[in-house]
Amino acid sequence: MQYVTHAFQAVFGWDRAKAQKHMMEVHELGKSVLTKESFEKAEFYVHQLQKYSLQATMEPEE
Amino acid sequence: MKLLSREPGRLVFRLSKQDHEALLTTLRLRPLFPRRPRSIASDADADQNLRAAQKDLDAALEQHRTEQVSDMEALMNDEARCAAQPGSGWRLILNDADAEMLLQALNEIRVGSWEKLGAPDFEAGQHLELDQENFLALWAFQLSEMFQGTLLAAMTGENEE
């Protein structure tokens, strides 16, 4: 779990508290909405997260 | 593997001869435990943009992996960063980028070997029957987890809090 927190901090530049909040959502709910961005930026973040071997996907906003 | 010093942008570890051999062996197991293909979206075939993005992701991850394997080999063979110490094992010096690279490499082996084991839920106490098929994967999982935990604790300063 600490690894996921670290990866969120490294990829998004978040402070530890925000990264931990999203990590806990992933842990308890199986997923967390990390950010809402343009297609290109979302694609960039998916690439970065997958380099950390985290299962990240981008979905169109409904 | 023991943390000797932690300064901004610089971690110094002492590795026993056994640690050094185990770390090298673990890192070289990486091709045996490839990750499952990653999807960029839950329905990546849904439209042309996502199909193109999936191709980009596959290519980017493959390139990242290839470069990282080569960079890891260079790191472990660079005497300025990983040097034998007379009578006391090895000294490993990591800057921020090297530490992130080693962390990602160890995690890929950890997750890849766990997937190879059938993704068991160890936290829930799931027991795994050992056999000749899964022994190496379990060994790789446990070693990569141990090294990753030590590295991550050093990077985050966990033990100082």
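Look up: the structure comes first, before these words.
Here goes a summary of the coordinates provided. (Residues numbered from 1 in each chain as written. Chains lettered and ligands numbered in written order. Predicted model: local features only at pLDDT ≥ 70, side-chain atom pairs only at ≥ 80, totals over all residues. Heavy atoms only, no water.)

The subject of this paragraph is the overall build of chain A. Helix and strand counts for chain A stand at three helices and zero strands. Each helix (α) and strand (β) of chain A, taken in turn from the N terminus, gives the series α-α-α. Here the C-alpha radius of gyration of chain A, 11 Å, is about what a compact globule of 62 residues would show, namely 11 Å. Oriented by its inertia axes, the alpha-carbon framework of chain A measures out at about 30 × 20 × 20 Å. Looking at chain A as a whole, 42% of its 62 residues qualify as buried. Residue pairs in contact within chain A that sit at least 24 positions apart in sequence constitute 33% of those at least 6 positions apart. (Helix = DSSP H or I, 4+ residues; strand = E, 2+ residues; numbered from the N terminus. Rg over C-alpha atoms; globule rule 2.2 N^0.38 Å. Buried < 20%, exposed > 50% of the residue type's maximum accessible area, 1.4 Å probe, protein only. Contact = heavy atoms within 4.5 Å.)

So, about the pattern of salt bridges. Residue and element names in this part refer to chain B. Inspection of the entire model under this criterion finds nine salt bridges over all chains. In this structure, the salt-bridge partner of Glu108 is Arg30, at a minimum N-O distance of 3.3 Å. Placement of the pair is Glu108 in helix H3 (residues 96–116) and Arg30 in the loop between helix H1 (17–28) and helix H2 (48–77), with a sequence separation of 78 residues. As far as the burial class goes, Glu108 and Arg30 line up, both buried. Among the ionic pairs, Arg81 bridges to Asp78, the shortest N-O distance being 2.8 Å. Among the charged side chains, a network of salt bridges with common partners joins Arg30, Glu62, Arg65 and Glu108. (Salt bridge = Lys/Arg side-chain N within 4 Å of Asp/Glu carboxyl O.)

So, on to the interface of chain B and chain A. If you look at the interface, chain B gives 26 residues, while chain A gives 19 residues. Where chain B abuts chain A, roughly 2000 Å² becomes buried across the two surfaces, and 54% of that area is made up of carbon and sulfur atoms. Sorting the residues of chain B by area buried against chain A places Ile40, Gln104 and Leu152 of chain B first, and these three jointly supply 22% of that buried surface. Run the count over chain B and chain A and you get seven residue pairs in polar contact (both at pLDDT 80 or more). Residue classes in the side of chain B that touches chain A are distributed as 10 nonpolar, eight polar and eight charged. (Buried area = accessible area lost by both parts, 1.4 Å probe. Polar contact = N/O pair within 3.5 Å; in protein donor to acceptor, adjacent residues only side chain to side chain. Nonpolar A, V, L, I, M, F, W, Y, C, P; charged D, E, K, R; others polar.)

Looking now at H1 of chain B. The terminal C-alpha atoms of H1 of chain B lie 17 Å apart, and with 12 residues this matches the ideal 16 Å at 1.5 Å per residue to within 8%. On the buried face of H1 of chain B, the contacting elements are strand E2 (10–15), H2, strand E3 (82–84), strand E4 (90–94), H3 and helix H4 (135–156) of chain B. (Expected span 1.5 Å × (residues − 1).)

According to the stated counting rule, one finds six aromatic pairs over all chains in the structure shown. Judged by centre distance (5.3 Å) and plane angle (35°), the rings of Phe122 of chain B and Phe141 of chain B are tilted. With Phe122 of chain B in the loop between H3 and H4 and Phe141 of chain B in helix H4, this residue pair connects regions lying 19 residues apart in the sequence. An aromatic cluster is built from Phe8, Phe12, Trp14, Phe44 and Tyr45 of chain A, whose rings are joined through pairwise contacts. (Phe/Tyr/Trp six-rings, centres within 6.5 Å; stacked < 30°, edge-to-face > 60°.)

To continue, consider the sheet that holds E2 of chain B. All names here are of chain B. Spatially, E1-E2-E4-E3 is the arrangement adopted by the four strands of the open sheet, whose pairing is antiparallel. Of all strands in the sheet, those with a lone pairing partner are strand E1 (2–7) and E3, marking the two edges. Strand-to-strand twist across the sheet, computed as the mean angle between neighbouring axes with direction ignored, equals 15°. In this fold H3 packs onto E2 and E4, with an angle of close to 105° to the strand it touches most, E4. (Pairing = 2+ DSSP bridges. Axes fitted to C-alpha atoms, helices over the stretch in contact; angles between N-to-C directions.)

Residue and element names in this part refer to chain B. With five bridges connecting them, E1 and E2 associate as antiparallel partners. Bridge pairing links Ser5 to Val12 in E2. In textbook terms, the turn of a hairpin is the stretch between consecutive antiparallel strands, and for E1 and E2 this stretch comprises two residues, one of which, Gly9, has a positive phi near 80°.

Shape descriptors only; they carry no functional weight alone.
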